[in-house]
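Descriptive structure summary
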Amino acid sequence: IVNRTTSQVDLFVTGHTHTAYNCVIDGRPVTSASSFGRLLTDIDLELDRRSRDVVQVSANNQIVTQNVFKAMDMTQLIERYTEIAGPLRDRPIGRISADITRTPDDSGENAAGNLIADAQLAATSSPETGSAVAAFMNPGGVRSDFVYAQSGSEGDGVVTYGEAFTVQPFGNSLVTMTLTGAQILDMLKSQWCDQDFARVLLPSASVTYTYDPAVAASLLPDSQGGPRKPCAGAPNPVSDLRIGGTPVDPNASYRITVNSFLADGGDRFPVLREGTDRLGGEVDTDALEDYIAPSLEGDPIDPPALDRIDLSG
């Protein structure tokens, strides 16, 4: 970001990385205050009165301690909106039979992400909503687990809207698009190449494939944090890709669903920007609620099996 930005920018106050840093790149300070309010970045700018240019920048990341009195005005504001939001937050939307976690298996697959992908496919599989045959969820968008017994609960397996929102807090909408089989294979290859670390997409139950972990590892930067490796010309670790049990034809077209973040190429999946015949859908949390709502009266939702991605070798 810094290297692509005009030299007229003197300071970068960044976020989203969940990392604490205070450094200088290309002669310009770059800061980040970690995450969850753990740090506060104190920045001083010295300006030239005549030129109105920045003369000097100093920055210091300070630890936010808990040995100070709470700010009364902020405490009252939080209490007010906690009371207002309570009925919305605590509304039951479904039931689960056990914890459904984002803990990955050896392939990178996890049950919470699989459940979300299944919900997104269900929301977009009809002709009216997109005729999707597969859905994929980015692992970074799964921010928490579906927990059977919340703190202080006896463990009834009820999932509230607030708990579901904690898992998916971004408010992304669903996007259904057409990709060729070759483009889907390129998308899956991008789980490793041009990445800083593996980003294994969570597939709906309609998708199965195998990948070679050794080939996948060869596409990632070395352990010393080397540069990302380009996808062009790189081998694809993925094989035996199937949708609905049928091998994917590289020349055929398929309707797939992802969230709006991925649809715009987020998490370095640029091929998704090439998807055609795009159709917007509902918000991801609403799709999840629609999917698990029958469990309020019927059987609870079981953790999805981790059997969609296999390892070869």
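The following paragraphs examine the structure supplied in this document. Not measured: the values here are computed from a predicted model.

Across the sheet, which stays open at both edges, the five strands sit in the order β10-β7-β14-β9-β15 with mixed pairing between neighbours. The open sheet is flanked by β10 (202-203) and β15 (276-283), the only strands paired with a single partner. With seven bridges joining them, strand β9 (residues 173-180) and strand β14 (residues 253-259) adopt antiparallel strand pairing. From the neighbouring strand, Val175 faces β14, where its bridge partner is Val258. Set on the sheet, helix α2 (residues 111-124) makes contact with β7 (134-137), β9, β10, β14 and β15; between it and β7 the angle comes to about 140°. Running at roughly 120° to β9, helix α4 (residues 181-189) makes contact with β7, β9 and β14 of the sheet.

A word on the packing of α2 against helix α7 (residues 284-292). With their axes 8 Å apart at the nearest point, α2 and α7 run at an angle of 90° to one another. One element, α2, and the other, α7, form an angle in the roughly perpendicular class. Judged by residue contacts, Leu115, Asp118, Ala119, Gln120, Ala122 and Ala123 of α2 engage Asp284, Ala287, Leu288 and Tyr291 from α7. Looking at the contact of α2 with α7 residue by residue, the classes come out as seven nonpolar, one polar and two charged.

Moving on, we get to unusual backbone geometry. Even without being glycine, Phe36 reaches a positive phi, approximately 60°. Along the chain, Phe36 turns up in the loop between β3 (28-33) and β4 (39-47). Phe36 gets classed as exposed once you look at its relative accessible area, which sits at 73%.

Calculation notes
- Residues numbered from 1 in each chain as written.
- Predicted model: local features only at pLDDT ≥ 70, side-chain atom pairs only at ≥ 80, totals over all residues.
- Heavy atoms only, no water.
- Pairing = 2+ DSSP bridges.
- Helix = DSSP H or I, 4+ residues; strand = E, 2+ residues; numbered from the N terminus.
- Contact = heavy atoms within 4.5 Å.
- Axes fitted to C-alpha atoms, helices over the stretch in contact; angles between N-to-C directions.
- Parallel < 35°, antiparallel > 145°, perpendicular 65-115°, else oblique.
- Nonpolar A, V, L, I, M, F, W, Y, C, P; charged D, E, K, R; others polar.
- Buried < 20%, exposed > 50% of the residue type's maximum accessible area, 1.4 Å probe, protein only.

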